[in-house]
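Tertiary structure, described
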Amino acid sequence: MTERKKLKIYIPGVKFPSISLTGNYCSLNCAHCGRHYLEGMRKPTRKNLVDYCLGLEREGYTGCLLSGGMDSRLKVPIDRYAAEIREIKRRTGLKLNAHVGFIDESDLEWVRYVDAVSLDFVGDDGVIRRVYGIDKTVGDYLRILDLLTGAGVRVAPHITIGLDFGRIGWEYRAIDLLMEYPIDVLVLDVLIPTKGTDMENVPKPGVEESLRVVEYARERFDGEISIGCMRPLGRWRVDFDRGAVLAGVDRLTNPPRKVIEWAKSVRNVEIIYECCVM
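Figured I'd write up the structure that's included with this text.

Criteria and thresholds
Residues numbered from 1 in each chain as written. Predicted model: local features only at pLDDT ≥ 70, side-chain atom pairs only at ≥ 80, totals over all residues. Heavy atoms only, no water. Salt bridge = Lys/Arg side-chain N within 4 Å of Asp/Glu carboxyl O. Helix = DSSP H or I, 4+ residues; strand = E, 2+ residues; numbered from the N terminus. Buried < 20%, exposed > 50% of the residue type's maximum accessible area, 1.4 Å probe, protein only.

1. Structural notes on the pattern of salt bridges
Enumeration according to the criterion identifies 22 salt bridges in this entry. In this structure, the salt-bridge partner of Asp184 is Arg154, at a minimum N-O distance of 3.0 Å. In this pair, Asp184 sits in the loop between helix H6 (170-178) and strand S7 (185-190) while Arg154 sits in the loop between helix H5 (138-150) and strand S6 (155-161), placing the two residues 30 residues apart along the sequence. On the basis of relative accessibility, which here comes to 39%, the residue Asp184 falls in the partly exposed class. Measuring nitrogen to oxygen at the nearest pair gives 2.8 Å for the salt bridge that ties Asp250 to Arg218. Here Asp250 is found in the loop between helix H8 (235-247) and strand S9 (251-253), whereas its partner Arg218 is found in helix H7 (residues 207-220), with 32 residues between them in sequence. Three or more residues are tied together by salt bridges with common partners; here these are Asp71, Arg73, Asp79 and Arg80.

Following this line, the structure appears as structure tokens:
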């Protein structure tokens, strides 16, 4: 086992809800998501977002993820909530994590108010076309990183292992590209073949093959590595999570209870009820 410091186990659902600012709407119909993941998010209206967040704090929540579907600009339209976000940060102590999409210079006016930006990162032009069906390239993703890191915004890139219809390969180049940026946490998710999407019948990425990507990231990256919310459940998650802990990841999101108890025997464990990029 790679000797690492404390293992931080994140359980965000208790005190750190996910909010969709677009309801169930997304202009895309991505092969792995098909708008499915918007359905489980909370959906306050724009009119009451500030009041909603004031209520969250009163109820003991520590923050939230601002997310939603992409609009025709290929942005999550958080820019339309700039005044509300400033007000939330002025009137509460809530931490805000934001999914953003393909933002540009005009977004720097509001993005500096959030505590972190979560950016889904793809390191292969073909995967972008096959999965998202959009006319974007790796260079477009890198420009977002240049923009945000250049402005001093804290960015947590997310790589989804197996995103290419279960195939693994492009993830290694994505990790290499990200090593050129001042990031302090890298999030690794794993594809879940989700019912009702184009990838419904895709086999789950193999546990061992997925762990090789985790191990490569651990070798290359000096910052903290987090296993994010998205990965298959059941026996797959138990086996993968144990392997990730032994590989030296720093953060692990929503592991099975048996993994938590086991991890306490091999690592010093802290439980945190927040989003794993916080």
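2. Concerning unusual backbone geometry
In this structure, Phe165 takes a positive phi of about 55° despite not being glycine. Looking at where Phe165 falls in the secondary structure, it is placed in the loop between S6 and H6. A relative accessible area of 25% means that Phe165 is categorised as partly exposed. Residues other than glycine seldom take positive phi values, yet Asn254 does so here, at roughly 50°. The residue Asn254 is located in the loop between S9 and helix H9 (257-263) in this model.

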